[in-house]
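The residues making up each chain are set out below.
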Amino acid sequence: MFAGVAGGAFLPQAGFAQPAAAVRGLPDFTDLVDQVGPSVVNIRTVEKASSRASANGMDEEMLEFFRRFGVPIPNVPRQQRPQRPQDDEQPRGVGSGFILTTDGFVMTNAHVVEGADEVIVTLTDKREFKAKIIGADKRTDVAVVKIEATGLPAVKVGDLGRLRVGEWVMAIGSPFGLENTVTAGIVSAKQRDTGDYLPFIQTDVAINPGNSGGPLINMRGEVVGINSQIYSRSGGFMGISFAIPMDEAIRVSEQLRASGRVTRGRIGVQIGQVTKDVAESIGLGKAQGALVTGVEAGSPADKAGVEAGDIITRFDGKTIEKVADLPRLVGNTKPGTKSTMTVFRRGASRDLGITIAEIEPDKPAAAKAAEREEKPKASAAAQQIGLAVIELSDAQKKELKVKGGVLVATATEAAARAGLREGDVILAIANTEVSGVKEFEAVLAKADKSKAINVLYRRGEWAQYALIRPGR
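Structure report, in brief. (Residues numbered from 1 in each chain as written. Predicted model: local features only at pLDDT ≥ 70, side-chain atom pairs only at ≥ 80, totals over all residues. Heavy atoms only, no water.)

What follows concerns the overall build of the protein. From N to C terminus, the protein includes 12 helices and 29 strands. The buried share of the protein, reckoned over its 472 residues, is 46%. In the protein, 60% of the contacts between residues at least 6 apart in sequence involve partners at least 24 apart. Counting only carbon and sulfur atoms, one obtains 51% of the accessible surface of the protein, whose full area is about 23800 Å². (Helix = DSSP H or I, 4+ residues; strand = E, 2+ residues; numbered from the N terminus. Buried < 20%, exposed > 50% of the residue type's maximum accessible area, 1.4 Å probe, protein only. Contact = heavy atoms within 4.5 Å. Areas by Shrake-Rupley, 256 points an atom, 1.4 Å probe, with all protein chains shown as cover.)

Written out as structure tokens, the structure reads:
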């Protein structure tokens, strides 16, 4: 029993252990801020006014937020902005980053520096540097930039194996441009699946536009993640934030610093989830592994004898517990590596030898400015279906292993409703292969716009059909 004391409080009687929570105070982050704060930087980006789009007059920081997290842009009135010459440079966005090495390598998010003509890094002592983009990897959202300085306060990288759900963590960044803002919370979950290549750290640390690229710090003053995403239905922070695990970020940054891009392995399969019912019906028992739904002709998987309907249960000796495990393990394998893969087929497991190929790489960040120089002009027929296309370069054709086709520059209205998007490669339209823009326009001009127009297009490694319905 508990004895009552003055004021309505209760103390345990002798012989009862005091609950652990009663003897623990709230953490004090002041020493951590002093320790890690100087390593956190503010990142501003600038781009040409002619390549900058605005929506409803909103400032670029908020637009970055809405674009990044898929939140619908509110229908706010257009703000009155001063007219500027089209070639003037204008501020584009604000983000955060942190000093990775004492000689000036800085880590941030790829979406913070994407499309920037100029990157400006500001230290806590107010020194400003123009930074060079060393490389950016869109698949993991990790980027590395370099400033010309030495003797900088670099962060300490933490051990993700020691990170526990429930422990306190802190973030430092520039939400809405407010530099050196500190927020704190706890680790809500680890290994949270929200993408093909990253098992995110979930926290309840307050993260907002401008925090992107800043560090997530444990109570030992070590960086354990890069703040990258939030979950929101309202456009504001809702108590769920995601950070890129630092071990994954370091692996990516090492490749970016070495070559400016990230090399990943691929085996050429389409995969799906293995349900409990399927696992039981085929004799697999436990619902695990990755179900092969398609095999690319001539791919490493095809050559290794993988078949549609196989369930990949192990890769290089590592168990595939869930479907997302396979692309991570394969992607982290160096192209050219000879690996062993275990598949479950018709009631029995078998090992297959497979040589890993290279996945289609992201284009280097340095090429982004050059890409924007070509301004696509859509014909009247193309405008009617919401498409603007540009020529594929010889290098792009060689890289994609195609003889012809056109690159989608913009897809709106009917084309967007059909599922087409910027970056897709159209190989044929209206059952006619196209070698370039001129032929694409000629075929489209003759097509019957009152009927659905079939389009064969390629996205990444896979080709598929779409039906564009102009009249809807």
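Below, the discussion takes up a nonpolar patch on the surface. Nonpolar side chains collect at one region of the surface, where Leu26, Trp168 and Met219 lie side by side and expose about 320 Å² of accessible area between them. By the secondary structure assignment, Trp168 is in strand E10 (residues 168–173). Assessed through its relative accessible area of 33%, Trp168 is described here as partly exposed. (Patch = residues over 30% accessible without salt bridge, like charges linked within 9 Å, V, L, I, M, F, W, Y side chains within 5 Å. Salt bridge = Lys/Arg side-chain N within 4 Å of Asp/Glu carboxyl O.)

Further remarks concern unusual backbone geometry. Here Asn180, not a glycine, exhibits a phi torsion of approximately 55°, which is positive. In this fold, Asn180 is placed in the loop between E10 and strand E11 (181–193). In this structure, Glu413 takes a positive phi of about 45° despite not being glycine. Here Glu413 is to be found in helix H11 (residues 413–417). For Glu413, a relative accessible area of 52% corresponds to the exposed category.

Turning to the packing of aromatic side chains, a few remarks are in order. Within this structure, the stated rule accounts for two aromatic pairs. For the pair Phe200 and Phe242, a centre-to-centre distance of 6.1 Å together with 65° between the ring planes defines the contact as edge-to-face. You can see Phe200 sitting in strand E12 (residues 199–203) and its partner Phe242 sitting in strand E15 (residues 241–245), a full 42 residues away along the chain. Here the two residues Phe200 and Phe242 agree in accessibility, since each one is buried. (Phe/Tyr/Trp six-rings, centres within 6.5 Å; stacked < 30°, edge-to-face > 60°.)

The biggest cluster of nonpolar side chains holds 37 residues, and the ones touching the most others in it are Phe98, Met107, Val142, Ile226 and Met246. Ala414, Ala415, Ile429 and Val455 belong to the second-largest nonpolar core, a separate cluster that totals 22 residues. (Core = buried A, V, L, I, M, F, W, Y, C linked by side-chain atoms within 4.5 Å.)

Here the focus is the environment of Arg266. Within the secondary structure, Arg266 sits in strand E16 (residues 265–266). For the pair Arg266 and Lys334, spaced 68 residues apart in sequence, the C-alpha separation works out to 9.3 Å. In terms of polar contacts, Arg266 uses its side chain to reach the side chain of Glu296, at 2.3 Å. (Polar contact = N/O pair within 3.5 Å; in protein donor to acceptor, adjacent residues only side chain to side chain.)

One pass over the structure, following the stated rule, counts 18 salt bridges. Residues Glu114 and Lys138 are paired through a salt bridge, measuring 3.4 Å at the closest nitrogen-oxygen approach. Note that Glu114 is positioned in the loop between helix H3 (110–113) and strand E6 (118–122) and Lys138 in the loop between strand E7 (128–137) and strand E8 (142–146), a separation of 24 residues in sequence. The shortest N-O distance in the salt bridge between Arg346 and Glu307 comes to 3.7 Å. On the criterion of sequence distance, the pair formed by Arg346 in the loop between strand E21 (338–345) and strand E22 (348–355) and Glu307 in the loop between helix H6 (300–304) and strand E19 (311–315) is long-range, its members being 39 residues apart. Look at Arg346 and you get exposed, because its relative accessible area is 70%. You can call Glu307 partly exposed: its relative accessible area is 34%.

From the geometry alone we can't say anything about function, so treat these as descriptive.
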